[in-house]
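# Structural overview
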Amino acid sequence: MARIQPKILKGFRDYLPEVMVPRTRLLRRIAEVFERFGFEPLDTPSVEYAEILLGKAGPEAEKLFYRFNDQGGRDVALRYELTVSLARVIGQYKTDLVKPFKRYQMGPVWRAESPAKGRFREFWQCDVDIVGTDSLLADAECIAIDHAVMRALNVPNYLIRFNNRKVFRGLQARIGISDSETMNSIMRSVDKFDKVGENGVRKELEAIIGNGGFGEKGLETILEFLKLAEGTSDNSACIDALEQFLSGTEMGQRGCAELREVLGSAQALGVPDDVLQIDPTIVRGLDYYTGTVFETFLKDAPQFGSVMSGGRYDGLIGIFSSEEVPAVGISVGIDRLIAALEELKLLPDARASAAVLVSVFGTETVDYSLKIAGDLRRAGINAELYLDPKAKLAKQLKYASRKGIPLVVIAGPEEEKDGSCSLRLMSNGEQMQVKIENLAQAVQDNYVDPDPNAATGRSWDWEFAEDMFDRVPAVGGVYLLRNAQHEVLKCGWASYGKLSETIRESVSGEQRAEVATFDWYEIRDDNLSQMLAQFINEKLQPKFG
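We now turn to the structure provided with this report. The model shown is predicted, which means the values in this text are computed figures rather than measured ones.

Analysis parameters
- Residues numbered from 1 in each chain as written.
- Predicted model: local features only at pLDDT ≥ 70, side-chain atom pairs only at ≥ 80, totals over all residues.
- Heavy atoms only, no water.
- Phe/Tyr/Trp six-rings, centres within 6.5 Å; stacked < 30°, edge-to-face > 60°.
- Helix = DSSP H or I, 4+ residues; strand = E, 2+ residues; numbered from the N terminus.
- Buried < 20%, exposed > 50% of the residue type's maximum accessible area, 1.4 Å probe, protein only.
- Lys NZ or Arg CZ within 6 Å of the ring centre and 35° of its normal.
- Pairing = 2+ DSSP bridges.
- Axes fitted to C-alpha atoms, helices over the stretch in contact; angles between N-to-C directions.
- Contact = heavy atoms within 4.5 Å.
- Arc of directions from axis to C-beta.
- Disulfide = S-S within 2.5 Å.
- Core = buried A, V, L, I, M, F, W, Y, C linked by side-chain atoms within 4.5 Å.
- Expected span 1.5 Å × (residues − 1).
- Salt bridge = Lys/Arg side-chain N within 4 Å of Asp/Glu carboxyl O.

### Focus: the packing of aromatic side chains
Going through the model one piece at a time under the given rule, you end up with eleven aromatic pairs. Seen in terms of ring centroids, Phe-225 and Phe-245 are 6.0 Å apart; in terms of plane orientation they differ by 45°. Their pairing is tilted. Residue Phe-225 is located in helix 9 (residues 216-231), and its partner Phe-245 is located in helix 10 (residues 235-245); the two are separated by 20 residues in the primary sequence. The residues Phe-225 and Phe-245 share a single accessibility class, namely buried. By the ring-pair criterion, three or more aromatic residues cluster together here, those being Trp-462, Phe-464, Phe-469, Phe-518 and Trp-520. Positioned above the aromatic ring of Phe-297 is the side chain of Arg-161, whose terminal nitrogen or guanidinium carbon lies 4.4 Å from the ring centre.

### Notes on the sheet that holds strand 2 (residues 47-49)
Whenever strands of a sheet pair, they do so through backbone hydrogen bonds, lying parallel or antiparallel. Read across the sheet, three strands follow the order 2-4-3 without closing on themselves; strand pairing throughout is antiparallel. Because the sheet does not close on itself, it has two edges, and the strands there are strand 2 and strand 3 (67-69). Strand-to-strand twist of the sheet, defined as the mean angle between neighbouring strand axes without regard to direction, takes the value 35°. As defined by bridge partners, strand 2 adjoins strand 4 (residues 75-78) across three bridges and the pair is classed as antiparallel. Each residue of the ladder has a partner; that of Glu-48, found in strand 4, is Ala-77.

### Considerations on the environment of Leu-228
Within the secondary structure, Leu-228 is located in helix 9. Separated by 94 residues in sequence, Leu-228 and Ser-322 place their C-alpha atoms 40 Å apart. Apart from the residues within four sequence positions on either side, Leu-228 is in contact with Cys-238, Ala-241, Leu-242 and Phe-245.

### Focus: unusual backbone geometry
Across the junction of Lys-99 and Pro-100, the peptide omega takes the value -5°, indicating a cis bond. Following the sequence through the fold, Pro-100 ends up in the loop between helix 4 (83-92) and strand 5 (101-110). Residue Lys-345 is not a glycine yet carries a positive backbone phi of 60°. Among the residues examined, Lys-345 registers a relative accessible area of 71% and is labelled exposed. Not every positive phi belongs to a glycine, and Gln-541 is a case in point at roughly 45°. For Gln-541, the position within the fold is in the segment after helix 20 (526-540).

### A word on helix 14 (residues 393-403)
Those residues of helix 14 lying buried are Gln-396, Leu-397 and Ala-400. The arc enclosing the buried residues of helix 14, seen along the axis, measures out at 100°, which places them on a common side. Exposed residues lying more than 90 degrees from the buried face of helix 14 are Ala-394, Lys-398 and Arg-402. On its buried face, helix 14 is in contact with strand 12 (356-358), strand 14 (407-410) and strand 15 (420-425). Phi turns positive, to about 80°, at Gly-404, one or two residues after helix 14.

### As for the sheet that holds strand 10 (residues 306-312)
Reading across from one edge, 1-5-6-11-10-9-7-8 is the order of the eight strands in this open sheet, with mixed pairing throughout. Only two strands of the sheet have a single neighbouring strand rather than two, namely strand 1 (40-41) and strand 8 (276-278). Bridging between strand 7 (residues 158-164) and strand 9 (residues 292-298) involves seven bridges; their strand directions are antiparallel. Residue pairing for strand 9: Asn-164 is matched across the bridge by Thr-292.

### With respect to the state of the cysteines
Under the criterion given, the structure shown has zero disulfides. The cysteine Cys-142 is free of any disulfide, with Cys-126 supplying the nearest cysteine sulfur at 14 Å. A relative accessible area of 1% places Cys-142 in the buried class.

### Comments concerning the pairing of strand 5
Both faces of the sheet carry side chains from a regular strand, because those side chains alternate between them. For strand 5, the tally of buried residues reaches nine of ten residues, placing the bulk of the element in the interior. Pairing of strand 1 with strand 5, which is carried by two bridges, proceeds in the parallel orientation. Opposite Glu-40, over in strand 5, you have Arg-103 as the bridge partner. Across ten bridges, the pairing between strand 5 and strand 6 (residues 122-131) is antiparallel. Bridge pairing in strand 6 links Gly-107 to Gln-125.

### As for the nonpolar core
If you look at the biggest cluster of nonpolar residues, it comprises 81 residues, and the most contacted ones within it are Phe-34 and Val-149. When neighbours within four sequence positions are excluded, Phe-34 is seen to be in contact with Phe-39, Tyr-104, Met-106, Cys-126, Asp-127, Val-128, Ile-145, Val-149 and Val-332. In this structure, Val-360, Ile-381, Leu-407 and Ala-442 belong to the second largest nonpolar core, which totals 23 residues.

### Looking at helix 5 (residues 136-152)
If you check helix 5, its first and last C-alpha atoms are 24 Å apart, about what 17 residues at 1.5 Å a residue would give, namely 24 Å. Just past helix 5, the residue Asn-154 takes up positive phi, approximately 60°.

### Topic: the pattern of salt bridges
Counting across every chain of the model gives 26 salt bridges. The partner of Arg-67 in a salt bridge is Asp-75, with the nearest N and O atoms 2.6 Å apart. Residues Arg-284 and Glu-295 are paired through a salt bridge, measuring 2.9 Å at the closest nitrogen-oxygen approach. Highlighted residues: Arg-284 in the loop between strand 8 and strand 9 and Glu-295 in strand 9, separated in sequence by eleven residues. Overall, Glu-295 belongs to the buried group, its relative accessible area being 10%. Within the structure, one salt-bridge network assembled from shared partners comprises Asp-139, Arg-312 and Asp-314.

The following block contains the structure:
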């Protein structure tokens, strides 16, 4: 049989464990954020009828579809995005779904476009959508989710830029253009403003002068409009300027009013103003966005473009239904985001799923190693068992080192008699003797989380700092404050929804200097939280009791 050369198609990639382990962790964090906001998971087929997926894609997008006839002669395509499949689901199951329908979906999509840095032909999208309400609270919630995802992934220096498509309809009315295609060409040019600047936009617009009633006066109006995007960093002042610029246009005024409402609601949801920017040049897909549009950029890696984006698309789902169905959503470009985090050296340095390798000293101690591995796993610790009892210990340690497993359990006949084992720290070769009943705690005490942003480095220890308080979800439960020696200084509890602010206000100014880290444990019963905190205080009698 002829040898087949192992190779991969251009624009595609393999995800080896050193990429998949941190990638999977990020996806889990994103899913946790989505579920915290009350979204529920949905999945749909990767292949659909082409007429379904083409929907309102537009001529440019249609060129990027992987489209073919299957063995039954059906005209099918790989999904280009997740939103059109969602629209098909809404139309197909409209009487079965509770509205508003809040769903999240994570999965691969395919686009036959030119590969580039951080851009592949097969990539994952992580979408959340709210279907069945025209309330602008839904738009604001998408922005709040955007912010929460960036914080959960420890992404620094990001900016959520957003606009409203009705602003462009107001601009169209001011220019006096009735031809939709000409206005679409203008919007495509405006959308390139941050890449090509004013001169680049002017050059593109000059090429369409004379089309659809667009003239020199309209060109100057567009250039004046672009200056509003640079004129102020104050969001309220930017909306004021837009309102004045678009005065006398009904759609323009509606767009500005919606921008102001979404901005205020997003701020009330806890999104800080310094990560929000009203940007009149944000356009996004011309074919279906109807209201709010948003894009998120990393200030330290602008070359990667938007890493999370979306908007309101009230007209799309109606193509599969007998009625208009309002909808709004936002999507994480996970592959692009990971590529940016890799370049910024912010991706967690994790190569192994296991926190500890349980070695097998020899054939006579196999059962003891099996017991240790089982005990650790039941304690909730990721533990890998070495599967060759005949292998020398040096080979097992080399295996742990190559995989990046930080801890190794070593237990020979003498340790088995004593009911103990050695716990080896692979980072420095140090070993400690530990009783089996204390092993799970010892692993937790010495496990260093590969995420460089994870507090003091321990998987269950958070730095006592403002930015860490913000990462505590809106739940209730018990919390512990510790000093640099990991001694408990205080145990307290918080009613449901108050945990973050309670921890933030838990100590006085003088006490604060002694606190290094905190732990927290979610409990949904306030009475139980109070009783558990009282029990811990009685047992430990912490300094700040």
